[in-house]
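The lines below spell out each chain.
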Amino acid sequence: MANEDLFKKIISHCKEYGFVFPSSEIYDGLGAVYDYGQNGVELKNNIKRYWWDSMTLLNDNVAGVDAAIFMHPTIWKASGHVDAFNDPLVDNKDSKKRYRADVLIEDYLNALDDKIAKEIEKAAARYGSGFDENMFRSTNERVIENQNKRNAVHARFAEALNDGNLEELRQIIVDTEIACPVSGTRNWTEVRQFNLMFSTEMGSTMDDSWKVYLRPETAQGIFVNFLNVQKTGRMKIPFGIAQIGKAFRNEIVARQFIFRMREFEQMEMQYFVRPGDEMRWYDTWKKIRLNWHRAMGLGDSKYRYHDHDKLAHYANAAVDIEFEMPFGFKEIEGIHSRTDFDLSQHEKYSGKKIQYFDPELGQHYTPYVIETSIGVDRVFLSIIAGSYAEETLENNESRVLLRIPPELAPVKLAVLPLVKKDGLSERAREIADMFRFDFRCIYDEKDSIGKRYRRQDAIGTPFCITIDHETLSNSTVTIRHRDTMTQDRVAIDSLHEIISAKVDMKNLLKKVME
Ligand code: GAP
């Protein structure tokens, strides 16, 4: 299936099965804003629980906070967001469509990477086990040509980004002959900077109102509470503060469904370390965070690291963890070494001393920070995209299923009476009730058993049990496994153990620690 088709199917699947709806849909929607439906919210909550537990249960020295969305406006001046939280935008004069200049160039670089990868894949298939990739890369003319082209553009791009050179960004777009995907022309405007923060007024009258911002990242709520948590929690460096919450960005080029939204949710952790120790912790958290993603079992090869071409104004090292979405490898998490930038800035702008006294060193200092920052919505999309499958069955029927990790699935168990009569419905309801306090379980008696199985497959329910006449006589049920569709006859008494073993969040958490 072409990737574009797959992506369209995923979007409509999310809507049809109550995962994600366009916001304000009856009013024709609101650009790049989405609502999560009955199954979506369960999956989202499970993702957040997985992340939260992996931070606060697995690490004695990571504590949580929940800071307000509104913050003193000077915070955003101090953090650099008022002056530097910009995207470089360019318009196509014919289609009147607006693009991020950096994204246009990144897409061009990715297309060259894909070309090279395809050449290598073809050659590997042609030469079989004797294929030497390094040799092929250094001798094949087409690969060398594309690699040189890529390296040259990449070098110019990185320099232009770091210098904030907008003219050069435009020149790269012109020189590489990037065309507008809509009009097909290369008729571009100048590249301009655009600030991404939303603002609003706080206060009741024009005279006493303040311009406040909707936070574009949750991190600042952590920085300004650094001393509160450190002192009240008697925390010793190194320690971390974790937070989950909404963030807002006026994304101009908002495409790709929930990948780039104007209102989204972040899970961020700031890890405060001794100055000079930051690279060791940066490497440690890079590994832990990749483990967290891989533990979900969507496939190790679907993740990769990508070092930043341009470091944000606060960072001295930064890497993204990317996931292979249907539209290519894309960032889902960033790990940043933020130096002492934020704490120092808040000290400067607030006039309050924000330092830590290190009893072992016997000195005060401003801690350095390693940040892990991940978007809930992007993890959500990675799970849906990575688990979506269409299968043709033996009877030539087909099924669509989501192979969501059982620990994160919105519903863990569906209880299905074979027929509605002979007391089967009543017995099925009793069995469903047995799990009320343990995990999310739904009861369904409508339609044929086959249709009911399909509905559960489509939302990723790992287990279905069928209650039939035999159940009434010997207290056994049929349990069906989502991925294999195999069915076993088991005692009702054993259900709790069988299901818990697969849906317990501990399974994922243990893998993170491996
Ligand atoms: N505090 C650092 C920070 O905010 P970022 O790379 O701008 O860094 C971190 O964002 C993560 O937040 C991204 O990796 C992504 O998962 C998520 N994110 C950022 N912008 C987003 C958007 N417009 N829609 C959905 N998720 C977004």
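From a predicted model like this one, the values you see are computed outputs, not experimental measurements.

Conventions used here
Residues numbered from 1 in each chain as written. Predicted model: local features only at pLDDT ≥ 70, side-chain atom pairs only at ≥ 80, totals over all residues. Heavy atoms only, no water. Axes fitted to C-alpha atoms, helices over the stretch in contact; angles between N-to-C directions. Helix = DSSP H or I, 4+ residues; strand = E, 2+ residues; numbered from the N terminus. Parallel < 35°, antiparallel > 145°, perpendicular 65-115°, else oblique. Left-handed = near helix turned anticlockwise from the far one by under 90°. Contact = heavy atoms within 4.5 Å. Nonpolar A, V, L, I, M, F, W, Y, C, P; charged D, E, K, R; others polar. Buried < 20%, exposed > 50% of the residue type's maximum accessible area, 1.4 Å probe, protein only. Polar contact = N/O pair within 3.5 Å; in protein donor to acceptor, adjacent residues only side chain to side chain. Pairing = 2+ DSSP bridges. Near = heavy atom within 4 Å. Areas by Shrake-Rupley, 256 points an atom, 1.4 Å probe, with all protein chains shown as cover. Patch = residues over 30% accessible without salt bridge, like charges linked within 9 Å, V, L, I, M, F, W, Y side chains within 5 Å. Salt bridge = Lys/Arg side-chain N within 4 Å of Asp/Glu carboxyl O. Domains from an automatic or database assignment. Buried area = accessible area lost by both parts, 1.4 Å probe. Core = buried A, V, L, I, M, F, W, Y, C linked by side-chain atoms within 4.5 Å. 1 Å grid on protein atoms, 1.4 Å probe; cavity = no way out; pocket = protein on both sides within 12 Å on 5 of 7 lines; lining within 4 Å. Points joined across faces, edges and corners; volume = space filled by probe spheres on them.

Chemist: Could you clarify how one ought to interpret the packing of helix α5 (residues 101–127) against helix α8 (residues 166–175) in this entry?
Modeler: How two helices sit against one another is set out by the angle between their axes and by the gap between those axes. In the contact formed by α5 and α8, the axes pass within 10 Å of each other and the chain directions differ by 40°. On the basis of their axis angle, the class for α5 and α8 is oblique. α8 is crossed by α5, and the crossing has left-handed handedness. Each of Ala101, Leu104 and Ile105 in α5 lies in contact with α8, whose residues at this interface are Leu169, Ile172 and Ile173. Split by residue class, the contact of α5 with α8 holds 6 nonpolar, no polar and no charged.

Chemist: Hey, could you run me through the side chain of Glu371 in this one?
Modeler: The topology assignment puts Glu371 in strand β16 (residues 368–375). Glu371 sits in the buried class, given a relative accessible area of 1%. There is a polar contact of 2.5 Å between the side chain of Glu371 and the side chain of His336. Within the structure, Glu371 has its side chain in polar contact with the side chain of Arg338 (distance 2.7 Å). In contact with Glu371, other than residues within four places in its own chain, are Ala219, Glu268, Met269, Gln270, Tyr314, Gly334, Ile335, His336 and Arg338.

Chemist: How should I be thinking about the pairing of strand β9 (residues 239–248) in this particular structure?
Modeler: Working note: regular strand, side chains alternate between the two faces of the sheet. Counting buried residues in β9 gives 9 out of 10 residues, a clear majority hidden from the surface. For strand β3 (residues 62–64) and β9, the ladder comprises 3 bridges, and the chain directions are parallel. The residue bridging Ala63 from the neighbouring strand is Ile241, located in β9. Two strands pair when backbone bridges link them, and β9 and strand β10 (residues 263–273) are joined in this way by 10 bridges, in the antiparallel orientation.

Chemist: Before we go on, may I ask you to explain the sheet that holds strand β6 (residues 192–195) in this structure?
Modeler: The strands that make up a sheet pair up through hydrogen bonds in the backbone, lying either parallel or antiparallel. The strand order across the open sheet built from 3 strands is β5-β4-β6, with neighbouring strands paired in antiparallel fashion. Looking at strand neighbours, the two that pair on one side only are β5 (98–100) and β6, the edges of this open sheet. Each adjacent strand pair in this sheet contributes to an overall mean axis angle of 45°, direction not counted. In this structure, strand β4 (residues 86–91) lies alongside β6, joined through 4 bridges in antiparallel fashion. Note on β6: the bridge partner recorded for Leu89 is Arg192. Sheet strands in contact with α5 are β4 and β5, and its direction is about 70° off that of β5.

Chemist: Explain the side chain of Asn92 to me, please; I cannot follow it from the model alone.
Modeler: With respect to the secondary-structure elements, Asn92 resides in the loop between β4 and β5. Those residues within four positions of Asn92 in sequence are excluded, and the remaining contacts are Lys97, Tyr99, Cys180, Ser183, Thr185, Asn187 and Trp188.

Chemist: Explanation requested: the site of the ligand in the structure shown.
Modeler: Around the ligand lies a shell of 22 residues, among which Glu217, Arg249, Met261, Glu268 and Glu331 are the nearest. Here Glu217 contributes a side-chain N or O atom positioned 2.6 Å from a nitrogen atom of the ligand. In the environment of the ligand, an oxygen atom lies 2.5 Å from a nitrogen or oxygen atom belonging to the side chain of Glu331. Considered on its own, the ligand offers 550 Å² of accessible surface; in the complex 94% of this is hidden by protein.

Chemist: What exactly am I supposed to notice about a nonpolar patch on the surface here?
Modeler: Side chains of Phe70, Met202 and Trp210 sit close together on the surface and give an oily, nonpolar patch of about 310 Å² of accessible area. With respect to the element layout, Met202 can be found in strand β7 (residues 199–202). Take Met202: its relative accessible area is 39%, and that puts it in the partly exposed class.

Chemist: Help me understand the packing of helix α2 (residues 38–56) against helix α13 (residues 376–387) in this model?
Modeler: Packing of α2 against α13 leaves a shortest axis separation of 10 Å and a crossing angle of 110°. The angle between the axes of α2 and α13 places the two elements in the roughly perpendicular class. Like other packed secondary-structure pairs, α2 and α13 cross with a definite hand, here right-handed. Between α2, through Gly40, Leu43, Lys44, Ile47 and Lys48, and α13, the contact on the second element is made entirely by Val376, Asp377, Val379, Phe380, Ile383 and Ile384.

Chemist: What am I meant to see in the pattern of salt bridges here?
Modeler: Side chains that carry opposite charge are capable of pairing whenever their charged atoms lie near each other. For the structure on display, the rule yields 42 salt bridges. Linking Asp175 and Arg156 is a salt bridge whose minimum nitrogen-to-oxygen distance equals 3.0 Å. Highlighted residues: Asp175 in helix α8 and Arg156 in helix α7 (residues 141–163), separated in sequence by 19 residues. Judged by relative accessible area, which is 41%, Asp175 ranks as partly exposed. When salt bridges that share partners are traced, they join Glu391, Arg399, Arg403, Arg454, Asp457 and Arg480 into one network.

Chemist: Teacher, can you tell me more about the domain arrangement of the protein chain here?
Modeler: Taken as a whole, the protein chain is organised into domain 1 (1–82 + 196–392), domain 2 (86–193) and domain 3 (403–512). Centre-to-centre, using C-alpha coordinates, domain 1 lies 28 Å away from domain 2. Contact with domain 1, which involves 10 residues of that partner, is made by 13 residues of domain 2. Interface area for domain 1 against domain 2, summed over the two sides, is near 1,000 Å², with a carbon-plus-sulfur share of 49%. Our count for the contact surface shared by domain 1 and domain 2 stands at 1 salt bridge. For the salt bridge of Asp107 with Lys330, the shortest nitrogen-to-oxygen distance reads 3.7 Å. The interface formed by domain 1 and domain 2 holds 0 residue pairs in polar contact (both at pLDDT 80 or more) in total.

Chemist: What's the story with the nonpolar core in this structure? I'm lost.
Modeler: Across soluble globular proteins, you tend to see nonpolar side chains buried next to one another. Core analysis: the largest hydrophobic core is formed by 61 residues, its most contacted members being Tyr50 and Trp292. Here this core takes 7 residues from α13, the largest share from any one element. Two domains each provide a minimum of three residues to this core, namely domain 1 (1–82 + 196–392) and domain 3 (403–512). Leaving out residues up to four positions away in the same chain, Trp292 has contacts with Ile47, Tyr50, Trp51, Ser54, Met267, Ile374, Val379 and Val512.

Chemist: Would you mind going over the layout of surface pockets with me for this structure?
Modeler: In this approach a probe as big as a water molecule rolls over the atoms, and the regions it shows empty are the leftover space. Its volume calculated, the second largest pocket comes out at about 270 Å³. Lining of the second largest pocket is provided by 13 residues; of these, Glu407, Lys412, Asp438, Phe439 and Val503 occupy positions nearest its centre. Elements with a minimum of two residues in the lining of the second largest pocket: α2 and α17 (495–503). For the lining of the second largest pocket, a count of residues per class yields 5 nonpolar, 2 polar and 6 charged.

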